[in-house]
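# Architecture at a glance
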Amino acid sequence: MSLKIHNTLTRKKELFVPLDPSHVRLYACGPTVYDHAHIGNARPVVVFDVLARLLRRLYPRVTYVRNITDIDDKINERARERGVSIAEVTEEPTRIYRQDMLAIGALPPDQEPRATEFIAQMIAMTERLIEKGHAYEAEGHVLFNVPSMADYGGLSRRNRKDLIDGARVEVAPYKRDPADFVMWKPSDDDTPGWDSPWGYGRPGWHIECSAMSREYLGETFDIHAGGLDLIFPHHENEIAQSRCCFGTDIMAKYWMHNGYVTVEGEKMSKSLGNFYTVHDLLEEWPGEVIRYALLAGHYRAPLDYSKQGLSEAKSALDRLYQALRNTDELESEPVVSDAVLAALSDDLNTPLAISRLHEMASTLNKSPNAATKSNLIGSAELLGLLGDDPEDWFKRGSSDGDLDDAGIEALIVARATARQTKDFAEADRIRDELLTAGIALEDGSGATTWKRAR
RNA sequence: GGCCCGGUGGCAGAGUGGCUAUGCAGAGGACUGCAAAUCCUUGUACGUCGGUUCGAUUCCGGCCCGGGCCUCCA
């Protein structure tokens, strides 16, 4: 099965041909850790987790690198406010981030480098760029000289003139060219920094990804992924640094970018206070629901994240799990269906893939068979879904009352007795009592099963 | 101003030059003591104006509307 992906470099869907089929290399930009990850941070994590799962299925060896940015001026600001080190600022958000991403079904990447661990490599690259005439030192800064790269701007399709015309910020006086960007900047005594050939300072934003991808994936690699908003300037500048430093024609062969997430129809913003953090959402929803809602739309399209969307994701997952629960007795080994593989292989069409899962669930409900069940489980696994035991899926969560499982079972037995004696008033009373406590009953052909209803 | 995306039925959301998306919600039915779950049936679509075509929601162009980026941002 051939994989096609949309390449931002060409703005076209292309056949994926790895640089080295025996080892596919993928890099995704991770978060800056100064706060809990919001749902917008989670989207690329989930989307490219599916990509990594797919690549692992298609190729013998995959290295997936997802970095953590733990040095940045927002972090510095937090540290200053609290009077603590940046390590102390980033420790907790990093821990929570890892925990939350795991909770929404994202497998840990093969490498999860943190920027502060690669300062030496960043300095080395910066020195080399100066030697090659692509960067220069000015007033304690090191800047990348954009005019030194003939084809700068290829990813974002921007030329130097556009950049200067569109500039909203005043050009720093020490820049040789208005489009030049910072690779290293000086730190004062209150700001974290490292010793460098240009004095005490800290790296610019873009150089970290150039250095870390080089470290783990080499000078060129297959896929570089991230959010749409990173195309410019972040990825454009990474490309400039890496290519000029290593003298390559490409940095990554394919660039993939996910669309924005809005919340309840509005752009997330701190001032409106309308951003959802994954951590908060997990208080209210299973991680899988959060994941499903992120995969319900195509990754390149904008996605509106809403409570209603989460609720629909929950209903949809209930349906899928119900099909598994209904066929509990069937043995099944996970097998990926061709239809799902084809959907995902077409530029990660997760909505289509999910619709295939629903079709399998329908088939299963209509005519239970082990093959379809195997397909459903195996295909869902490729999407990072349906990993729960169906019974656990329906029974977990908290009920309003103080009923435990044994108490519920006891009431079900009492109701069964009432039903046997045709005392339906009593039977319905017990059912209503349970429903009030958040427990819904289902009288199957054999026994009565129950589930927690939100 | 420059660059780039979209506009599909009540909602979400795929896709295709002529044939059912899928899910949720709605209506009717089957099953059930009644429900639930499940199954069956079912209504409402492709922004607008032109063009290409035997035929366009699908290709091309104009227009309208919405969104993103233009050095904080997934």
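None of these values were measured; they are calculated from a predicted model.

### Points about the overall build of chain A
Of regular secondary structure, chain A possesses 16 helices and 15 strands. With the C-alpha coordinates of chain A rotated into their principal frame, the extents come out at 90 × 50 × 35 Å. For chain A, with 454 residues in total, the buried portion stands at 51%. Taking the contacts inside chain A whose residues are at least 6 apart along the sequence as the reference set, 75% of them involve residues at least 24 apart. By element, 48% of the accessible surface of chain A is carried by carbon and sulfur atoms, the whole surface being about 20400 Å². The distance from the centre of the 53 positive side-chain charges to the centre of the 72 negative ones in chain A is 5 Å.

### Structural notes on the layout of surface pockets
The volume enclosed by the second largest pocket comes to roughly 410 Å³. As for the second largest pocket, its lining consists of 24 residues, of which Tyr-321, Leu-386, Gly-387, Asp-388 and Asp-389 are closest to the centre. Secondary structure elements with two or more residues in the lining of the second largest pocket: α3 (86–103), α9 (287–295), α10 (307–326), α13 (370–382) and α14 (390–395). Its residues placed into classes, the lining of the second largest pocket shows ten nonpolar, five polar and nine charged.

### Some remarks on the domain arrangement of chain A
For chain A, the assigned domains are domain 1 (4–258), domain 2 (262–394) and domain 3 (397–452). If you average the C-alpha positions of domain 1 and of domain 2, the two centres end up 31 Å apart. Taken together, the 31 residues of domain 1 in the interface contact 36 residues of domain 2. A buried area of about 2800 Å², summed over both sides, lies between domain 1 and domain 2, and 66% of it is on carbon and sulfur atoms. When the shortest N-O distance is used, the salt bridge between Asp-346 and Lys-13 registers 2.8 Å. Among the secondary structure elements, those contributing two or more residues to the side of domain 1 that touches domain 2 are β1 (4–7), α1 (39–58), α3 and β10 (252–258). Counting residues per element, the side of domain 1 that touches domain 2 draws most heavily on α1, which supplies twelve residues. Residues that form the side of domain 1 that touches domain 2 fall into these classes: 15 nonpolar, eight polar and eight charged.

### Re the pattern of salt bridges
One pass over the full model with this rule turns up 29 salt bridges. The salt bridge involving Glu-391 is made with Lys-395; its shortest N-O contact spans 3.1 Å. Here Glu-391 and its partner Lys-395 are both found in helix α14, four residues apart, which amounts to about one turn of the helix. Owing to a relative accessible area of 23%, Lys-395 belongs among the partly exposed residues under this scheme. Glu-426 is the salt-bridge partner of Arg-429, the closest N and O atoms lying 3.0 Å from each other. Here Glu-426 and Arg-429 lie together in helix α16 (residues 424–436), a separation of three residues that amounts to about one turn. Ionic contacts of the salt-bridge type, sharing partners, join the residues Arg-325, Glu-391, Lys-395, Glu-442 and Lys-451 into one network.

### Section: a negative patch on the surface
Where like charges cluster on the molecular surface, the negative patch consists of Asp-328, Glu-329, Asp-389 and Asp-392. Of note, Asp-328 is situated in the loop between α10 and α11 (338–345). The exposure class assigned to Asp-328 is exposed, which follows from its relative accessible area of 55%.

### Observations concerning the packing of aromatic side chains
Summed over all chains, the structure comprises eight aromatic pairs. Aromatic side chains Phe-118 and Tyr-216 sit 5.9 Å apart centroid to centroid with 70° between the ring planes, which places their arrangement in the edge-to-face category. Of the two residues, Phe-118 sits in the loop between α3 and α4 (119–131) while Tyr-216 sits in helix α6 (residues 207–217), which places them 98 residues apart along the sequence. In this arrangement the basic side chain of Arg-158 is found over the ring face of Phe-232, its NZ or CZ atom lying 4.4 Å from the centre. In this structure, Arg-176 packs its charged tip against the face of Tyr-136, placed 4.0 Å from the ring centre.

### Quick word on the nonpolar core
As a rule of thumb, soluble globular proteins bury nonpolar side chains together. Core analysis: the largest hydrophobic core is formed by 75 residues, its most contacted members being Ile-39, Leu-55 and Tyr-305. Apart from residues no more than four positions distant in its own chain, Leu-55 is found in contact with Leu-3, Phe-16, Val-24, Leu-26, Val-62 and Ile-223. One finds Phe-118, Ile-119, Cys-244 and Ala-252 within the second-largest nonpolar core, a separate group that totals 44 residues.

### Digging into empty space enclosed by the protein
With the rule as written, the count across this model stands at one cavity of 30 Å³ or more. Among the secondary structure elements, those contributing two or more residues to the lining of the largest cavity are α1 and α9. Within the lining of the largest cavity, the residues separate by chemical class into six nonpolar, two polar and no charged.

### Examining the pairing of strand β14 (residues 439–443)
Taken residue by residue, a regular strand's side chains alternate between the two faces of the sheet. Note: β14 against strand β15 (residues 448–452), five bridges, orientation antiparallel. Counted as the bridge partner of Leu-441 is Trp-450 from β15.

### Remarks on the sheet that holds strand β4 (residues 62–66)
Spatially, four strands are ordered β4-β3-β9-β10 in an open sheet, and the strand pairing comes out parallel. With one partner strand each, in any of the chains shown, β4 and β10 form the two edges of the open sheet. With strand direction ignored, the average angle separating the axes of adjacent strands in the sheet is 20°. By the bridge criterion, five bridges tie strand β3 (residues 24–28) to β4 in an arrangement that is parallel. If you follow Arg-25 over to β4, its bridge partner there is Thr-63. Running over the sheet, α1 touches β3, β4, β9 (221–227) and β10 and is turned about 170° from β4.

### Thoughts on the sheet that holds strand β13 (residues 303–305)
The sheet built from three strands is open, its strands ordered β12-β11-β13 with mixed pairing. The sheet is open, and its two edges are formed by β12 (266–267) and β13, each paired on a single side. Here two bridges tie strand β11 (residues 261–263) to β12, and the two strands are oriented antiparallel to one another. By the bridge assignment, Thr-262 is partnered in β12 with Lys-267. Packed onto the sheet, α1 meets β11 and β13 and runs at close to 145° relative to β11.

So, how was this worked out
Residues numbered from 1 in each chain as written. Chains lettered and ligands numbered in written order. Predicted model: local features only at pLDDT ≥ 70, side-chain atom pairs only at ≥ 80, totals over all residues. Heavy atoms only, no water. Helix = DSSP H or I, 4+ residues; strand = E, 2+ residues; numbered from the N terminus. Buried < 20%, exposed > 50% of the residue type's maximum accessible area, 1.4 Å probe, protein only. Contact = heavy atoms within 4.5 Å. Areas by Shrake-Rupley, 256 points an atom, 1.4 Å probe, with all protein chains shown as cover. Lys, Arg positive; Asp, Glu negative; His and termini not counted. Charge placed at Lys NZ, Arg CZ, Asp CG, Glu CD. 1 Å grid on protein atoms, 1.4 Å probe; cavity = no way out; pocket = protein on both sides within 12 Å on 5 of 7 lines; lining within 4 Å. Points joined across faces, edges and corners; volume = space filled by probe spheres on them. Nonpolar A, V, L, I, M, F, W, Y, C, P; charged D, E, K, R; others polar. Domains from an automatic or database assignment. Buried area = accessible area lost by both parts, 1.4 Å probe. Salt bridge = Lys/Arg side-chain N within 4 Å of Asp/Glu carboxyl O. Patch = residues over 30% accessible without salt bridge, like charges linked within 9 Å, V, L, I, M, F, W, Y side chains within 5 Å. Phe/Tyr/Trp six-rings, centres within 6.5 Å; stacked < 30°, edge-to-face > 60°. Lys NZ or Arg CZ within 6 Å of the ring centre and 35° of its normal. Core = buried A, V, L, I, M, F, W, Y, C linked by side-chain atoms within 4.5 Å. Pairing = 2+ DSSP bridges. Axes fitted to C-alpha atoms, helices over the stretch in contact; angles between N-to-C directions.

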